[in-house]
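Observations on chain architecture
One letter stands for each residue in the lines below.
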Amino acid sequence: MSRKLPNIIVTGTPGVGKTTHCEALAQRTGLRHLSVNQVVKDKGCHEGYDDEYQSWIVDEDKLLDAIEDDAKEGGCIIDWHACDLFPRSWIDLVVVLRVDSETLYDRLAERKYPEKKMQENIDSEIMEVLLQEARESYDEEIVVELTSNTSDEMESNVDRIEAWLRQWKEDNQA
Ligand code: DAT
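Our subject in this report is the structure included herewith. Since we're looking at a predicted model, the values are computed, not measured. (Residues numbered from 1 in each chain as written. Predicted model: local features only at pLDDT ≥ 70, side-chain atom pairs only at ≥ 80, totals over all residues. Heavy atoms only, no water.)

Turning next to the overall build of the chain. A tally of helices and strands in the chain yields seven helices and seven strands. Written out in order from the N terminus, the α and β elements of the chain read β-α-β-α-β-β-α-β-β-α-α-α-β-α. For the chain, whose C-alpha radius of gyration is 16 Å, the value lies close to the compact-globule estimate of 16 Å for 174 residues. Considering only C-alpha atoms, the chain reaches an extent of 50 × 35 × 30 Å along its principal axes. Burial statistics for the chain: of 174 residues in total, 47% are counted as buried. Sequence separation of 24 or more characterises 74% of the internal contacts of the chain that already satisfy a separation of 6 or more. Side chains of the chain give 20 positive and 39 negative charges; the mean places of these two sets differ by 4 Å. (Helix = DSSP H or I, 4+ residues; strand = E, 2+ residues; numbered from the N terminus. Rg over C-alpha atoms; globule rule 2.2 N^0.38 Å. Buried < 20%, exposed > 50% of the residue type's maximum accessible area, 1.4 Å probe, protein only. Contact = heavy atoms within 4.5 Å. Lys, Arg positive; Asp, Glu negative; His and termini not counted. Charge placed at Lys NZ, Arg CZ, Asp CG, Glu CD.)

See the structure below:
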């Protein structure tokens, strides 16, 4: 696979800080923040809206078609609360963000999530659902778990991913 730049997935339960991390990373590194939520909305990669959960019902085939060219070119930071749908060959690093449940509760309450959706997300975080999904879907060496409770942690996470990117560039020079 001859990408000039790597593709990174930033995943985790809604509210862990994916968007915040991806925006900071995109600004610092020049990589593209690929918000799957935005792509699903903008390119109609869904089968409608689920009112109870207040989220789109994603059509994964359409989504993969919509991002394939970008992914093949490389340099994408893919921001999504699932990671098992992307072909392994596209992905160089999988960052799973984690957060304490009380902090997550506060963040989701602020978003006014419906009670059921809020509880399911908190359970999912406690059960490490996304971490398991990442470990089952990708080689262990490329999956990194990072905590995102505070802005200091976010800063150090971004530093770490930036350092990883520098190393990737060195290792993959043409
Ligand atoms: P996600 O994209 O995973 O749903 P987000 O980036 O929108 O999450 O963050 C949800 C809220 O939490 C938002 O108000 C920013 C805040 N937040 C995220 N990560 C944080 C961190 N590490 N420290 C402090 N606040 C954080």
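Side-chain pairs of opposite charge can arise whenever the charged atoms involved come near each other. Applying the stated rule across the entire model yields 12 salt bridges. Close ionic contact of Arg28 with Glu162 constitutes a salt bridge, the shortest N to O distance being 2.9 Å. Placement of Arg28 in helix α1 (residues 18–29) and of Glu162 in helix α7 (residues 151–171) is noted, with a sequence separation of 134 residues between them. Among the residues examined, Arg28 registers a relative accessible area of 36% and is labelled partly exposed. The structure contains a network of salt bridges with shared partners spanning Arg98, Glu125, Glu128, Arg135 and Glu145. (Salt bridge = Lys/Arg side-chain N within 4 Å of Asp/Glu carboxyl O.)

Residue position: Arg3 is located in the segment before β1 (8–11). In terms of polar contacts, Arg3 uses its side chain to reach the backbone carbonyl oxygen of Ser89, at 3.0 Å. In this structure the side chain of Arg3 is engaged in a polar contact, spanning 3.2 Å, whose partner is the side chain of Asp92. The residues touching Arg3, leaving out its near neighbours within four places in the chain, are Ala71, Lys72, Glu73, Gly74, Ser89, Trp90, Ile91, Asp92 and Trp168. (Polar contact = N/O pair within 3.5 Å; in protein donor to acceptor, adjacent residues only side chain to side chain.)

Turning our attention to a nonpolar patch on the surface. Residues Ile126, Met127 and Val129 make up a contiguous nonpolar surface patch of roughly 300 Å² in combined accessible area. Among the structural elements, Val129 can be located in helix α6 (residues 129–137). Overall, Val129 belongs to the partly exposed group, its relative accessible area being 38%. (Patch = residues over 30% accessible without salt bridge, like charges linked within 9 Å, V, L, I, M, F, W, Y side chains within 5 Å. Areas by Shrake-Rupley, 256 points an atom, 1.4 Å probe, with all protein chains shown as cover.)

Bringing the packing of aromatic side chains into the picture now. Counted under the stated rule, the structure contains one aromatic pair. Taking NZ or CZ as reference, Lys117 lies 4.2 Å from the ring centre of Tyr113, over its face. (Phe/Tyr/Trp six-rings, centres within 6.5 Å; stacked < 30°, edge-to-face > 60°. Lys NZ or Arg CZ within 6 Å of the ring centre and 35° of its normal.)

The N-to-C vectors of helix α4 (residues 101–110) and helix α5 (residues 115–126) enclose an angle of 155°; their axes lie 10 Å apart at closest approach. Put simply, α4 runs roughly antiparallel to α5. For the pair α4 and α5, the sense of crossing is right-handed. Taken together, the residues of α5 that come into contact with α4 (itself represented by Ser101, Leu104, Tyr105, Leu108 and Ala109) are Met118, Asn121, Ile122, Glu125 and Ile126. For the contact of α4 with α5, the class distribution of residues is seven nonpolar, two polar and one charged. (Axes fitted to C-alpha atoms, helices over the stretch in contact; angles between N-to-C directions. Parallel < 35°, antiparallel > 145°, perpendicular 65-115°, else oblique. Left-handed = near helix turned anticlockwise from the far one by under 90°. Nonpolar A, V, L, I, M, F, W, Y, C, P; charged D, E, K, R; others polar.)

With respect to the element layout, Thr29 can be found in helix α1. Thr29 sits in the buried class, given a relative accessible area of 19%. Within the structure, Thr29 has its side chain in polar contact with the backbone oxygen of Leu25 (distance 2.6 Å). A distance of 3.1 Å separates a polar side-chain atom of Thr29 from the backbone nitrogen of Leu31. Other than its neighbours up to four places away in sequence, Thr29 contacts Glu162 and Leu165.

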